[in-house]
Amino acid sequence: MDVLRILIWLLGGLVVVMLVWRVVRLARLLEQRIEEYDEKERSEVERNLFAELSELYAQEPPKKGDGKPPRS
């Protein structure tokens, strides 16, 4: 039972680390995008950060592969 408990804690910790890494990455992308805008656009984006984050999240490049199932 101790091995199972340790495994659960390790997997839980890994999930937390992955989520934190993802949030930090999106925050950096958002900060870079805001810096690219001029003053008027910047204030508009800063007022509506959630929409901008949603757009960034949707524009992430696809992972490896072309989305088709592997051929066997």
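Definitions and limits used
Residues numbered from 1 in each chain as written. Predicted model: local features only at pLDDT ≥ 70, side-chain atom pairs only at ≥ 80, totals over all residues. Heavy atoms only, no water. Helix = DSSP H or I, 4+ residues; strand = E, 2+ residues; numbered from the N terminus. Buried < 20%, exposed > 50% of the residue type's maximum accessible area, 1.4 Å probe, protein only. Areas by Shrake-Rupley, 256 points an atom, 1.4 Å probe, with all protein chains shown as cover. Salt bridge = Lys/Arg side-chain N within 4 Å of Asp/Glu carboxyl O. Patch = residues over 30% accessible without salt bridge, like charges linked within 9 Å, V, L, I, M, F, W, Y side chains within 5 Å. pLDDT = per-residue confidence, 0-100. Axes fitted to C-alpha atoms, helices over the stretch in contact; angles between N-to-C directions. Parallel < 35°, antiparallel > 145°, perpendicular 65-115°, else oblique. Contact = heavy atoms within 4.5 Å.

(A) The arrangement of the overall build of the protein in detail. What the protein contains, in helices and strands, is three helices and zero strands. Reading the protein from its N end, one meets helices and strands in the order α-α-α. Residues classed as buried in the protein amount to 11% of the 72 residues present. Put simply, the protein shows about 6900 Å² of open surface, and 64% of that area lies on carbon and sulfur atoms.

(B) Structural context of the pattern of salt bridges. Within the structure shown, the criterion is met by one salt bridge. Notably, a salt bridge pairs Asp2 with Arg5, separated by 3.5 Å at the nearest N-O pair. Here Asp2 pairs with Arg5, and both are found in helix H1 (residues 2-36), just three residues apart, close to one helical turn. Here Asp2 and Arg5 have matching classes, each one exposed.

(C) Main features of a nonpolar patch on the surface. On the surface, Met1, Leu4, Leu7, Ile8, Leu11, Leu14 and Met18 cluster together to form a nonpolar patch covering roughly 770 Å² of accessible area. With a relative accessible area of 46%, Leu4 lands in the partly exposed category.

(D) Quick look at the confidence of the model for the protein. Mean pLDDT over the protein: 78, with 74% of residues reaching 70 or higher. Mean pLDDT across the elements of the protein ranges from a minimum in helix H2 (residues 39-47), with 70, to a maximum in H1, with 90.

(E) The packing of H1 against helix H3 (residues 49-58), seen in detail. One can describe the packing of H1 onto H3 by two numbers: an axis separation of 10 Å at closest approach and a directional angle of 110°. In terms of orientation, H1 and H3 fall into the roughly perpendicular class. Across the interface between the two elements, Arg22, Leu26, Leu29, Leu30, Arg33 and Ile34 of H1 pack against Leu49, Glu52, Leu53, Glu55, Leu56 and Tyr57 of H3.

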